[in-house]
Amino acid sequence: MRILIRTSKWAVLARRLGSLAVPLTIVPVLMHRERFLDSGVFLVVALFAAIVAALAVLAACIGLVRLWHTGDQGWSKALSGLFLGLICLAPFAYYGVQALRYPIVTDIATAPRSELPLIFEPDMADMPAPRLLTAEEQQRFFPNATTRTYPLDQLQLFAIVEHLVQVQGWDIRQRREPGIAGAPGQLNARILTLVGWREEAVLRVAASGRGAAVDMRSASIGALHDLGSNGQRISDFLVTLDSEVTAFLRDNPNINQPAPAEPEEPAAEVEASGGG
């Protein structure tokens, strides 16, 4: 007598939903990065992908429970559906934690924003009004996002800042070196986040009483919540700048010492001619 062993329909459903969730999660990100999807459509598609992934996990859990009791086939299908669903839900869980961890903000600066202007580009035409933090909130959430002052002249510090921007791989859109008369230098750079949001960083190097100072601004172009990216970017960059300047001063201890005065040549003795 042949015993018929069925395959769990819940396991099959979990595998199908998990397989569908993968392209729904990855493809919109690629399209958003390449600007084939605008941000509004991207959010809708991303939400749909999260729902499909959650349904895959739910179907897999139901299927595993039923398989345990019935002895049907489908363990591999249920487990693969569970795995794919959890993988697709992982980025949503991460960004959800970030949203709970940080307040809603899209623009952070270490100096008045009017002193660190953004470059107007076409994608800024529909840019929503910036969401800002109070000085107390910024100090609490991003204590390292503050003005830095170093015992270097403007050109020396500007060169270090520009090098770090290039190391970060940011796209420099505007560059202005410090002027001879003490005019501050400025760099404007665009950053593309992993999921395709565009942000702009502005760095200013200005003369100060003890050398030169660096201020920084980071702003989201179209997002309604930066999930902590702008404040963290400023904090990380300035902490790295601290290390770079410290290493530079250690390797060049006499960089700001005045050049020694050249010794004066002794005046030639003039022989007095005596009268005959």
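Scroll up to find the structure this text is about.
Being a predicted model, the structure only gives us computed values, none of them experimental. (Residues numbered from 1 in each chain as written. Predicted model: local features only at pLDDT ≥ 70, side-chain atom pairs only at ≥ 80, totals over all residues. Heavy atoms only, no water.)

**Re a nonpolar patch on the surface**
Together, L47, I51, L55 and L58 give the surface a local cluster of nonpolar side chains, amounting to about 380 Å² of exposed area. Positionally, I51 belongs in helix α2 (residues 39-70). By relative accessible area, I51 is classed as partly exposed at 44%. (Patch = residues over 30% accessible without salt bridge, like charges linked within 9 Å, V, L, I, M, F, W, Y side chains within 5 Å. Areas by Shrake-Rupley, 256 points an atom, 1.4 Å probe, with all protein chains shown as cover. Salt bridge = Lys/Arg side-chain N within 4 Å of Asp/Glu carboxyl O. Helix = DSSP H or I, 4+ residues; strand = E, 2+ residues; numbered from the N terminus. Buried < 20%, exposed > 50% of the residue type's maximum accessible area, 1.4 Å probe, protein only.)

**A few points about the side chain of S218**
For S218, the location among the structural elements is in strand β6 (residues 211-220). With relative accessibility at 0%, the residue S218 sits in the buried group. Within the structure, S218 has its side chain in polar contact with the side chain of R233 (distance 2.7 Å). (Polar contact = N/O pair within 3.5 Å; in protein donor to acceptor, adjacent residues only side chain to side chain.)

**Comments concerning the layout of surface pockets**
Of the pockets and cavities examined, the largest pocket occupies roughly 1200 Å³. Along the wall of the largest pocket there are 42 residues; nearest its centre are Y95, T193, V195, W197 and L227. Here the lining of the largest pocket is composed, by residue class, of 26 nonpolar, twelve polar and four charged. For the second largest pocket, the calculated volume is near 360 Å³. (1 Å grid on protein atoms, 1.4 Å probe; cavity = no way out; pocket = protein on both sides within 12 Å on 5 of 7 lines; lining within 4 Å. Points joined across faces, edges and corners; volume = space filled by probe spheres on them. Nonpolar A, V, L, I, M, F, W, Y, C, P; charged D, E, K, R; others polar.)

**With respect to the packing of aromatic side chains**
Two descriptors summarise a pair of aromatic rings, namely the distance from one centre to the other and the angle between the planes of the rings. According to the stated counting rule, one finds four aromatic pairs in the structure shown. Look at F42 and W197: their rings are 6.1 Å apart centre to centre, the planes differ by 80 degrees, and that puts the pair in the edge-to-face class. You can see F42 sitting in helix α2 and its partner W197 sitting in the loop between β4 (185-192) and β5 (198-208), a full 155 residues away along the chain. Residue F42 shares its accessibility class with W197, and that shared class is buried. Ring geometry for Y102 versus F142: centroids 5.4 Å apart, planes at 10 degrees, classification stacked. Taken as a pair, Y102 in the loop between α3 (75-101) and β1 (107-109) and F142 in the loop between α4 (135-141) and β2 (148-150) lie far apart in primary sequence, 40 residues in all. (Phe/Tyr/Trp six-rings, centres within 6.5 Å; stacked < 30°, edge-to-face > 60°.)

**Some thoughts on the side chain of T25**
Mapped onto the fold, T25 is located in helix α1 (residues 9-33). Under the relative-accessibility criterion, T25 is labelled buried at 15%. Residues in contact with T25, not counting those within four places in the same chain, are A49 and C88. (Contact = heavy atoms within 4.5 Å.)

**A look at the environment of E244**
Mapped onto the secondary structure, E244 falls in helix α6 (residues 229-251). Residues contacting E244, with those up to four places away along its chain left out, are I160 and L164.

**Thoughts on helix α5 (residues 154-168)**
Three or four residues apart is the spacing at which side chains of an α-helix point the same way, because the helix has 3.6 residues per turn. Relative to the 21 Å expected for 15 residues at 1.5 Å per residue, α5 spans 21 Å between its end C-alpha atoms, a close match to the ideal helical length. Buried within α5 we find Q154, Q156, L157, F158, I160, V161, E162, L164 and V165. At the N-terminal boundary of α5, the capping side chain belongs to D153, with an oxygen 3.2 Å from the backbone nitrogen of L155. Once α5 finishes, G169 follows within two positions and takes phi at roughly 80 degrees, a positive value. (Expected span 1.5 Å × (residues − 1).)

**Observations regarding the environment of V65**
Tracing the backbone through its elements, the reader meets V65 in helix α2. Along the primary structure V65 and L224 are separated by 159 residues, whereas in three dimensions their C-alpha atoms are 40 Å apart.

**Comments concerning the pattern of salt bridges**
Evaluated as defined, the whole model comprises 15 salt bridges. The partner of R217 in a salt bridge is D107, with the nearest N and O atoms 2.7 Å apart. Pair noted here: R217 is in strand β6 and D107 is in strand β1, with a separation of 110 residues, a long-range link. Of the two residues, R217 and D107, neither departs from the other in class, the shared state being buried. Residues participating in the shared-partner salt-bridge network are R35, E121, D123, D171, R173, R190 and E200.

**Let's talk about α1**
Its 25 residues place the ends of α1 37 Å apart at the C-alpha level, agreeing with the 36 Å of an ideal helix rising 1.5 Å per residue. Burial in α1 covers these residues: A11, A14, L17, G18, A21, L24, T25, P28, V29 and H32. Looking at the buried residues of α1, the elements they touch are α2, α3 and β5.

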